[in-house]
Amino acid sequence: MIEFKVNGKEYQIPESEDKRLIDFLRLDLQLTATKEGCSAGACGTCTVLVDGKKVKACVQKLSKMAGKEIITVEGIPADEMAVYEYCFGECGAVQCGFCIPGMIISGKSLLDVNLNPTREEVKKAIFGNICRCTGYKAIEDAILMAAEYLREKKPIPGPEEKCGVNQRLRRIDVHDKCTGEGKYVDDIVLPGMCYGKALRSPFPRCLVKKVDVTEALAHPDCVGVLTAKDVPNNVGGHLKVDWPTMIGEGEETRYIGDALAIVVCRTQSKLDEILSLIKLDVEELKPVTCPKEAMAPGAPLIHAECEGNALFHEHVVRGDADAAIKNSKYTVHRDFVVPFTDHAFMEPECAIGEPMGDDGVHVYTASQSVYDELRELTRMLNLPEEKVFIESCYVGGGFGGKEDMSVQHHAALCAYKLKVPVKIKFSRDESIRIHTKRHYMEMSFDVGCDENGILQGAKCLIYADTGAYASLGGPVIQRACTHACGPYNFHNVDIEGTSYYTNNIPAGAYRGFGVTQSNFGFEQCLNYLAEQVGISPWEIRYRNAVKPGDVLTNGQIVTPDCAYRQCLEAVKEAYESEEIAGIAGAFKNSGLGVGVPDWGRCDLYIKDGICHVRTAAACMGQGVGTVVEQIVGEITGLSYDKLYRDQPNTVTTPNSGTSTASRQTLITGEATTRAAKLLKEALDSGKTLEDLEGQNFHGEFLGKTDPMGTPVPNPKSHVGYGYAAQVVALNPDGSLKKVVAAHDVGTVINEQACRGQVDGGVVMSLGYAFTEDFPMVDCLPQRNYAKLGLMRATQVPPIESHLITSPEVLDVALGAKGVGEITSVPTAAACAGAYYAKDHKERNVLPLKETFYNKAQLDEASQSQVGMNAQV
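Quantities reported herein were computed from a predicted structural model and do not represent experimental measurements.

(A) Broad picture of the packing of helix 16 (residues 537-544) against helix 17 (residues 564-577). In the contact formed by helix 16 and helix 17, the axes pass within 10 Å of each other and the chain directions differ by 165°. In terms of orientation, helix 16 lies roughly antiparallel with respect to helix 17. Of the two possible hands of crossing, helix 16 and helix 17 adopt the one that is left-handed. Of helix 17, the residues touching helix 16 (which contributes Pro 537, Trp 538, Arg 541 and Tyr 542) are Tyr 564, Arg 565, Leu 568, Glu 569, Lys 572 and Tyr 575. Partitioned by chemical class, the residues of the contact of helix 16 with helix 17 number six nonpolar, no polar and four charged.

(B) A look at the sheet that holds strand 6 (residues 194-200). Spatial strand order, 8-11-6-18-15-16-17: seven strands in an open sheet with mixed pairing. Only two strands of the sheet have a single neighbouring strand rather than two, namely strand 8 (222-226) and strand 17 (388-392). Across the sheet, the axes of successive neighbouring strands diverge by a mean angle of 20°, strand direction being ignored. In this structure, strand 6 lies alongside strand 18 (residues 422-425), joined through three bridges in parallel fashion. Of the residues in strand 18, the one forming a bridge with Tyr 195 is Lys 423. Across the sheet, helix 11 (residues 370-381) is in contact with strand 16 (360-365) and strand 17; its angle to strand 17 comes to roughly 150°.

(C) The arrangement of a negative patch on the surface in detail. A surface patch of like charges, here negative, comprises Asp 608, Glu 690, Asp 691 and Glu 693. Here Asp 608 lies in the loop between strand 23 (599-607) and strand 24 (610-614). Given a relative accessible area of 62%, Asp 608 falls into the exposed group.

(D) Structural context of helix 20 (residues 751-770). Between the first and last C-alpha of helix 20 there are 29 Å, a value that for 20 residues agrees with the 28 Å anticipated at 1.5 Å per step. Most of helix 20 sits inside the fold, with 18 of its 20 residues counted as buried. Measuring from the side-chain oxygen of the N-cap residue of helix 20 to the backbone nitrogen of Gln 752 gives 3.1 Å; that N-cap residue is Asn 750.

(E) Focus on the packing of aromatic side chains. Applying the stated criterion across every chain, the model contains 25 aromatic pairs. On the basis of an interplanar angle of 25° and a centroid distance of 6.2 Å, the ring pair of Phe 4 and Tyr 11 is categorised as stacked. A single burial state applies to Phe 4 and to Tyr 11, both of which are buried. Between Phe 4 and Phe 24, the aromatic rings sit 5.4 Å apart at their centres with planes inclined by 80°, giving edge-to-face as the arrangement. On the criterion of sequence distance, the pair formed by Phe 4 in strand 1 (residues 2-6) and Phe 24 in helix 1 (residues 21-28) is long-range, its members being 20 residues apart.

(F) The arrangement of the sheet that holds strand 27 (residues 720-730) in detail. If you trace the four strands from one edge of the open sheet to the other, you get 22-27-28-31, paired in mixed fashion. Whereas interior strands pair on both sides, the edge strands pair on one side only; in this sheet they are strand 22 (581-590) and strand 31 (799-804). Between one strand and the next, the sheet's axes are offset by a mean angle of 15°, whatever the strand orientation. Examined bridge by bridge, strand 22 and strand 27 share ten bridges and lie antiparallel to one another.

(G) Focus on the pattern of salt bridges. In this structure the tally under the stated criterion is 52 salt bridges. A salt bridge links Asp 839 to Arg 843; the nearest nitrogen and oxygen atoms lie 2.7 Å apart. Several salt bridges share partner residues, and in doing so they unite Arg 20, Asp 23, Arg 26, Lys 35, Glu 36, Asp 186, Asp 187, Lys 423 and Lys 425 into one network.

(H) Looking closely at unusual backbone geometry. With an omega of -10°, the peptide bond running from Leu 846 to Pro 847 counts as cis. Relative to the assigned elements, Pro 847 resides in the loop between helix 21 (827-839) and helix 22 (860-871). You will see that Gln 30, though not glycine, has its phi angle at about 60°, which is positive. By the element assignment, Gln 30 lies in the loop between helix 1 and strand 3 (47-50). For Gln 30, a relative accessible area of 38% translates into the label partly exposed. Positioned with a positive phi, Lys 419 is a non-glycine residue whose angle comes to about 60°. Inspection of the secondary structure assignment puts Lys 419 in the loop between helix 12 (408-418) and strand 18. For Lys 419, a relative accessible area of 42% gives the class partly exposed.

Rules used throughout
- Residues numbered from 1 in each chain as written.
- Predicted model: local features only at pLDDT ≥ 70, side-chain atom pairs only at ≥ 80, totals over all residues.
- Heavy atoms only, no water.
- Axes fitted to C-alpha atoms, helices over the stretch in contact; angles between N-to-C directions.
- Helix = DSSP H or I, 4+ residues; strand = E, 2+ residues; numbered from the N terminus.
- Parallel < 35°, antiparallel > 145°, perpendicular 65-115°, else oblique.
- Left-handed = near helix turned anticlockwise from the far one by under 90°.
- Contact = heavy atoms within 4.5 Å.
- Nonpolar A, V, L, I, M, F, W, Y, C, P; charged D, E, K, R; others polar.
- Pairing = 2+ DSSP bridges.
- Patch = residues over 30% accessible without salt bridge, like charges linked within 9 Å, V, L, I, M, F, W, Y side chains within 5 Å.
- Areas by Shrake-Rupley, 256 points an atom, 1.4 Å probe, with all protein chains shown as cover.
- Salt bridge = Lys/Arg side-chain N within 4 Å of Asp/Glu carboxyl O.
- Lys, Arg positive; Asp, Glu negative; His and termini not counted.
- Charge placed at Lys NZ, Arg CZ, Asp CG, Glu CD.
- Buried < 20%, exposed > 50% of the residue type's maximum accessible area, 1.4 Å probe, protein only.
- Expected span 1.5 Å × (residues − 1).
- Polar contact = N/O pair within 3.5 Å; in protein donor to acceptor, adjacent residues only side chain to side chain.
- Phe/Tyr/Trp six-rings, centres within 6.5 Å; stacked < 30°, edge-to-face > 60°.

If you want it as C-alpha cells, here you go:
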C-alpha cells in the first residue's frame, strides 16, 4: 500500500493503482484548484506542497508520495488563505485565474520559511510558474503584501462597499479563482460522463482514401466512433465557412490538426488505445509551406473551390505615395519578418456536451463568445437556436486563440449523436498543434520625410501566412494595413497586404490583431529616418504625432479624446535619461469597425434585492465582468454587495458580441451605461430594488462605422482608438533594465485591471521581441510547450505604467476605451530600437537575434523563412 496525507487526511492506495498525483487530486478527491496546464511540469499550474516543498503534480506518481504530506490550496488554513485572497485581489494579481492556485502555493513555499523576502526572492519562488496575463508584477506585489500581512499580523480589511469608476476595486472573481471554488470546464464532472478525442491527420496534406473504424468500435470501452458522414452539416468557420468538422473519405487534409474521426469511450485512459485501432489508408501529398509557394503559378489549391490561394487582399491608398517619397529629402527602404507564435493561454481547450431533452444539446465551454459558438453549433447540427444551450465556465486566457472552434463542436456533436455527456479536452501538445497562431508576415516598407523629419509618404507591402483555414485572416491583414503607418499626421500612403492559404497550422486572431506585426516595421523605419535627419527617435515621433482634429492615414479625423502626444510626453524623461533605450508609439482600434455591425447589450435584472448584471461579454481575464458592475455602481449608486454578474450563456445573457478588438469596455460598456440609466430613473422615483423585483432594464449600443472604401473624404473606420508610447531600457550587457509604458485609456474604470493589462501586454511582447517563436518545417511544428520561449518572472524587468486620460473623453462608456491589445503593440519595436541604440546593428527579424536572450544566429528553419522575403 502507498500511504500518504493530503490536506491532513490519511490515504492508502494499492500499489497496483499507482497513478499521477494530479489525477488522484483532481479526479479521485475532486480537489480541482490544482490545474493541469501542460502535463510536462513546465507551466506550474499544478504546483502543490509536498513536505513543504514545491512539486509539480502532473509529473509525480503517487508511489513517490509514500510517507509524505501533500497540501493543495484547499488545505491552506482559512485565516492564512484570507490573506492571500485579499492581497492577490488588492494588487490586481488575478486575471484569467488559471495559474493563481499554483502561484499561491509557490508564494506560500517561500513565506513559510521567509516572511521578509525581497522581490528577487519572490521572482525565484515563482520561476517555475508561468502567467500569460499579468506580466508577474502584480503577483510579486501580492506575495510581498501577503508577507507583510502575515509578518505583522495585520487584520484583513472588510469587503468592498463603494462600486464606481476610476477607483481601485478588487475583482468580482478573486475568491473563486484563488480558492479554486470557481469552475473551469475541466473541473466539471457530470454523471455518466464519457470522454472523446479526435484522430488527426498523419500528414499536413494527404488524400484520405479510407477510415476503417471497425476494430475501434469492437473495443469493450468504446461508446462510439464518429466520422465526417455523421455530421449533419460538416463545414463551418468563424467568418468564412471553409473549416470542416472532420475530413471525409475522398477528401484532402489541409493541416496536421484536421480531424478524421472522433472516439468516445467510458474511460479517459483508454482513448489513445482505441484511437490506435482506427485503420487509415492515406496518400501523402506535398504541402504548400509558405506564401511564396502558395502564390506560385500552378500551386496546389488549399481549397479547391477557390480560384487561388489568396484568402484576402487589402489596399489602402491616400494621396500619391510614390511622388511624396521621390520628393523626400530622406528615405528608407527596409524589409521585416515576424514569426508565427502561440497564444500559450494557461488553460488548454476543453468542452463538455450533454444531451438536452430528446433532440437538443447543452454545452459547457470556455471561449470568447457563447453566441459565436451558438451560431456555429446550430449550423453544424442543423438545429434551431432553442435546441442548443451554451454556458460559459471561467475562461483560462484567450488572447484571440479561443475565437475558433477547437473542441466545442466535437463535444456537442458526440453528445448529440451518442446521447451521453462527453468531455473533450486538448492535451497541451494537441493545443499547440491544432489551435490558431499569430500570423507570420513579411513586410517591405518605403518611407520618406523632409529635412525636418516631417513624414511625407509611405509604401508598404505585406504578405501573411494564414495557414489552412480562414479563421480571422481577412480582418487581421486588413488591420495590419490600416494601422501600418501609425498615429502620425501625413497623407500619402500606399499600403497593400495579402493573406495566403498554406498547409501550415491556421493563423487567426492574436492580441494586437496584425497591428503588432506592421507596427514593428514602421516604427523602426522612423528610427532610421531620425538618424538621417539628425534628431532623436522621440523627436521624430513627437513632430509627426497626431492630435485632435488631424487626419489619420486611413482618412479618419482624429477625435478630441486622442492623447498620443501626452503619451510621448509622459515617457520623454525616461527615454532621454537612459543611456541605452528604444522608443515606439502605436494606435489600435476599439471595436470591430469598418462597417461591421458592432452591438453591445446588457440586461439589469432585479432578483431577491440584487441587481444581476447580464451580458454575454466573455471575460478571458481582462475583467469585463468587474467593469460592467463598476459602471452600474457609478451610475446608480448601488453598493458592491447589491450587484452580481451572471456568467455568460445563450439563454439569460444577451448577445454582446465577441471579446475581441478591444471592444467590450467601450461597446458593452456603453450598453451597460444605458441600462444603468434606466435603472437609476426607477430608483430615483423612490423605488427600492425590492420594489423592482422581477423587472429587467435593457440597454444596447451599436457602434456605427463606415465600410472600407466608403467614398467620403474622411470615413469613420472605428468608434474609438487607443494610443500608446513605450520605452524599453537596457543594461550594458543587453539585459532588460526597465519598461516605461504610457497608454491613452480614456476614463480608467478599474485601476488594478487597467495596469494589469499594461503589464501583461508588455511582457507578452517582450517575449515576442526576444524569445518566442513557432517555426514550422514542412508545415510541422518544431516547438513543444517548454520551448515556446515564454518569459518567466526572473526575466521580466520593472514596468512603470502611466495611464493617460485626455481632458476630453469619448461620449460613450463614461469615456473608457479598450486597452487589452494596444499594450502589446509597440513593445517589440521599442526593444529593437533599444538594441540599435546599444550596438548600431539593425535587427529587422523577430525574435531579435544576437541579444542577451538569444545570441545564436538564425537557425536553418528561420533562415529559410527570411529567404522567402527576398524571393517574394
